[in-house]
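Spelled out from the first residue to the last, the chains are:
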Amino acid sequence: MKICLSSLFASLIFFSNICSAQAQIEIPLWQNGAPGLQYAHAETAEDRHETGRLDRYISYVSKPTLTIYPAPADKASGTAVLVVPGGGFRYVCIDKEGIEAAQWLNAQGITAAVLKYRTLAPDGDRSWKSILPLTADTSRAMRVLRQHASEWKIDNKKIGVLGFSAGGIMALQLLMDQDEGDSGATDATEKLGNRADFIALVYTGLPGNKVPKISKNTPPFFIVHASDDPKAPPAVAAKIYQQLLEGGAQAELHTFRRGDHGFGMTPASGSVRNWTSLYADWMRDLKLLDK
């Protein structure tokens, strides 16, 4: 009997993807709908195929969700990472900066939570005043993760954030807004803290062009940027890094000669392709990958 290895391999991938899809959990951030922004226009997904793979840009998001990708049981470390994709606040780059990041994190034994946050209209105002209310989705997502920590087998002291571009700005705003929760809130989720225990920024900008206040209690930072980034100046990454050091926080910065903007988890070429290995080493140093 002849066996076609290519067909067998394709079948294995197919069934693996089915199992992975069944394991995912997508939940709304707010059970009764997010406050504020609502669109009459239907949510839209455009595949720009910039990576040569599925590469959807989602727009008109007014119903934010969190999709959980549980770590494989044989690798699970109890660590979780909130993944915040970029997209200029008008889109959510859900594949190359969301789902692909979640799959990579799972391979490291980390539970991933991909945030599909509210967006501005593609042709609308993009002032910081318009953007700021959207950053509440990041805080809410961190509270939801802590609320379900036991159910999703997460250590609630090992929950970090990975932000790309606009998602990095949201991660920095999260640092500025961190709190221990509101004990008097009627919403049980809001009673929980939103602090990130570690933060990774990939080709980020600054929230309202401001660097958050830094202290020795600031969580550890991992920063990645390309020197030829035409959208987010590399000086921004250097400025954040310098502020972290001066404030007594732990920080690691990697600036690559080439990479452009939006290279995601799998850059096409150059030394920037190694950034995820450096990220894994950094988390290993922090004992975040220990079972």
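The model shown is predicted, which means the values in this text are computed figures rather than measured ones.

## Describing the pattern of salt bridges
One pass over the structure, following the stated rule, counts 13 salt bridges. In this structure, Arg 53 and Glu 100 form a salt bridge, with 2.8 Å as the shortest nitrogen-oxygen distance. With Arg 53 in the loop between β2 (44-47) and β3 (56-59) and Glu 100 in helix α2 (residues 95-107), this pair connects stretches of sequence that are 47 residues apart. With a closest N to O distance of 2.8 Å, Asp 179 and Arg 143 form a salt bridge. Residue Asp 179 is located in the loop between α5 (166-177) and β9 (199-202), and its partner Arg 143 is located in helix α4 (residues 136-147); the two are separated by 36 residues in the primary sequence. Counted as one network, the salt bridges with shared partners bring together Arg 140, Arg 143, Asp 179, Asp 187 and Glu 190.

## Side note on α2
The sharpest bend along α2 measures roughly 30° and falls at Ala 101. Burial of α2 is extensive: 11 of the 13 residues sit out of reach of the surface. Buried within α2 are the following residues: Asp 95, Lys 96, Glu 97, Gly 98, Ile 99, Glu 100, Ala 101, Ala 102, Trp 104, Leu 105 and Asn 106.

## Describing the packing of α4 against α5
Orientation of α4 relative to α5, taken along the N-to-C sense of each, is 70°, at an axis distance of 8 Å. Taken together, the axes of α4 and α5 lie roughly perpendicular to each other. Residues Thr 138, Ser 139 and Met 142 of α4 pack against Met 170, Leu 174 and Asp 177 of α5. Its residues assigned to classes, the contact of α4 with α5 comprises 3 nonpolar, 2 polar and 1 charged.

## Observations concerning the sheet that holds strand β6 (residues 92-93)
Read from one edge of the open sheet, 3 strands run β2-β3-β6, paired in antiparallel fashion. Whereas interior strands pair on both sides, the edge strands pair on one side only; in this sheet they are β2 and β6. In terms of strand pairing, β2 meets β3 through 4 bridges, oriented antiparallel. Its bridge partner being in β3, Glu 46 is matched across the sheet by Tyr 57.

About the criteria used
- Residues numbered from 1 in each chain as written.
- Predicted model: local features only at pLDDT ≥ 70, side-chain atom pairs only at ≥ 80, totals over all residues.
- Heavy atoms only, no water.
- Salt bridge = Lys/Arg side-chain N within 4 Å of Asp/Glu carboxyl O.
- Helix = DSSP H or I, 4+ residues; strand = E, 2+ residues; numbered from the N terminus.
- Bend = angle between axes of the 7 residues up to and from the residue.
- Buried < 20%, exposed > 50% of the residue type's maximum accessible area, 1.4 Å probe, protein only.
- Axes fitted to C-alpha atoms, helices over the stretch in contact; angles between N-to-C directions.
- Parallel < 35°, antiparallel > 145°, perpendicular 65-115°, else oblique.
- Contact = heavy atoms within 4.5 Å.
- Nonpolar A, V, L, I, M, F, W, Y, C, P; charged D, E, K, R; others polar.
- Pairing = 2+ DSSP bridges.

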